[in-house]
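A structural walkthrough
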Amino acid sequence: GAWMVSKEPFMNSLSDIFTELKLKTSYGVNGEQGGIGAYAAHDLYSVNNLNDNVSIVFDSKGNRNLTWESSEQFQVGTEFELFNRIAGSVDYYSKNTTNLLFDKRISPSKGYAIIQVNDGEMVNSGIEFDLNAELYKSNDLNIDFGINGAFEKNEITAMPIEDSTGEQKVLDASGIYGRSAGHSLFDIYIPEYVGVDAATGAAQWNRYYNELEDGSKEYIRDMQLYLADNEGRIGTIDKEITTNYSEATSKYINKSPIPTVRGSFDLNVEFKGFALTALFAYSLGGYGYDGNYAALMDDDLVGSNNWHKDILNAWKEPGDITDVPAITSGTNTVDINYTQANRTSDRFVTSTDYLSLNNLALSYNFSDRVLDRMGLKGLKLFVSGDNLWVSTKRKGFYPNTSEVGASSRYQYVSLTSITGGINIKF
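Residues numbered from 1 in each chain as written. Predicted model: local features only at pLDDT ≥ 70, side-chain atom pairs only at ≥ 80, totals over all residues. Heavy atoms only, no water.

1. Examining empty space enclosed by the protein
Scanning the entire structure with this criterion turns up 2 cavities of 30 Å³ or more. Approximately 50 Å³ is the volume found for the largest cavity. Lining the largest cavity are Met297, Asp299, Ile311, Val324, Pro325, Ala326, Ile327, Ala341, Asn342 and Arg347. Residues belonging to the lining of the largest cavity are distributed by class as follows: 7 nonpolar, 1 polar and 2 charged. Considering only enclosed or pocket space, the second largest cavity measures out at about 30 Å³ in volume. Surrounding the second largest cavity, Phe102, Lys104, Arg105, Pro160, Ile161, Glu162 and Lys169 form its lining. Grouping the constituent residues of the lining of the second largest cavity by class yields 3 nonpolar, no polar and 4 charged. (1 Å grid on protein atoms, 1.4 Å probe; cavity = no way out; pocket = protein on both sides within 12 Å on 5 of 7 lines; lining within 4 Å. Points joined across faces, edges and corners; volume = space filled by probe spheres on them. Nonpolar A, V, L, I, M, F, W, Y, C, P; charged D, E, K, R; others polar.)

2. A few points about the pairing of strand β19 (residues 274-284)
Sheet topology note: the strand β18 (residues 261-271)/β19 ladder contains 11 bridges and is antiparallel. The residue bridging Asp266 from the neighbouring strand is Leu279, located in β19. Two successive antiparallel strands, β18 and β19, enclose a turn made up of 2 residues, where Lys272 displays a positive phi of approximately 50°. Relative to strand β24 (residues 354-365), β19 runs antiparallel, the two being bridged by 10 bridges. Counted as the bridge partner of Ala275 is Ser363 from β24. (Pairing = 2+ DSSP bridges. Helix = DSSP H or I, 4+ residues; strand = E, 2+ residues; numbered from the N terminus.)

3. Regarding the layout of surface pockets
For the largest pocket, the calculated volume is near 360 Å³. Glu69, Leu100, Leu101, Met122 and Leu185 are the residues nearest the centre of the largest pocket, which is lined by 22 residues in total. Of all the secondary-structure elements, those providing two or more residues to the lining of the largest pocket are β5 (86-98), β6 (101-105), β8 (121-137), β9 (141-158) and β10 (172-174). Top contributing element to the lining of the largest pocket by residue count: β6, with 4 residues. Residues belonging to the lining of the largest pocket are distributed by class as follows: 10 nonpolar, 5 polar and 7 charged.

This is the structure:
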């Protein structure tokens, strides 16, 4: 005989869970010309005065071969509803971009140091989700909660080709960021700070070296370039402490402003005629450079700089254990080495995790019984506040106001505003 298995009970139980389920996918190719200036294809000259005569001086090199960046994007996801109470969506995307617009550094002997080119490849990928749930529902009380977020990853998969070698560029340094194949656009590439010499109060950094088979040490100023130039002869990479910043090793510190996840969540409560809504934003897992704090921790010339209260923790006498170097009017003196304590390092790289209350609103709608007595069709009282509160790693550091979670003295926190009013319908 034959055995028969019915799928009907399984499908019925599945439909009891998923009251709605959709699958979706898409693929597309698009071009992007953002970043190409109006005259980027042309050599530009500046017009000047030379002894009361017109002079024309070369300014910047153009590239007639510039074209759009090209992106291929694939996306797959689902929209669903569970138990008639929870609705949401989850999407995965992958975007591969080629012909990147890149400011390529070349030999200055040509008369210019940078030219914009199309070269290199980059992949952006991630998962985005959005969930909304009815936590409680009755005649008098309704409570709803929603949350969304995005897990993001950015990776340079191919660097531009160097004219001198015909191979991919190993490292392109841009401020505190290093760009290399296998890293993101915003991987931080700087020396590592290791605190204060308790005996002298001098700032200290890591100095890496390559210990070869014969026991000799080759000190490394730039880790990424050294590893590429010395492939096949790397012995044991180790480190020691130096009080001379010029000897410190620049390297990837495995931190980036790109967070692990960021998004928002909201709560909505209705009780009889009252309604309360709150909207929060959050970010977890990123790091940014707190330039404001760095400036306020710089001893500089005595009397010429404002200080953060943490300067009170500065080293004062031998034996002090602190991570704030001695105040020495801009320099620390150790033997014949002069090192600046506030030079760029991971000392000022700060977590960009934050939680902010972006909006809070409270309202009251008068009942139909009251409206009938007043001869009105509607009467509502409300008060609302925007940008009311934010919690960050350091007071005064607001990574939510910067794309890369950095700070500067010209950057301000979002203004707090509170509004209220009455809506009347006749």
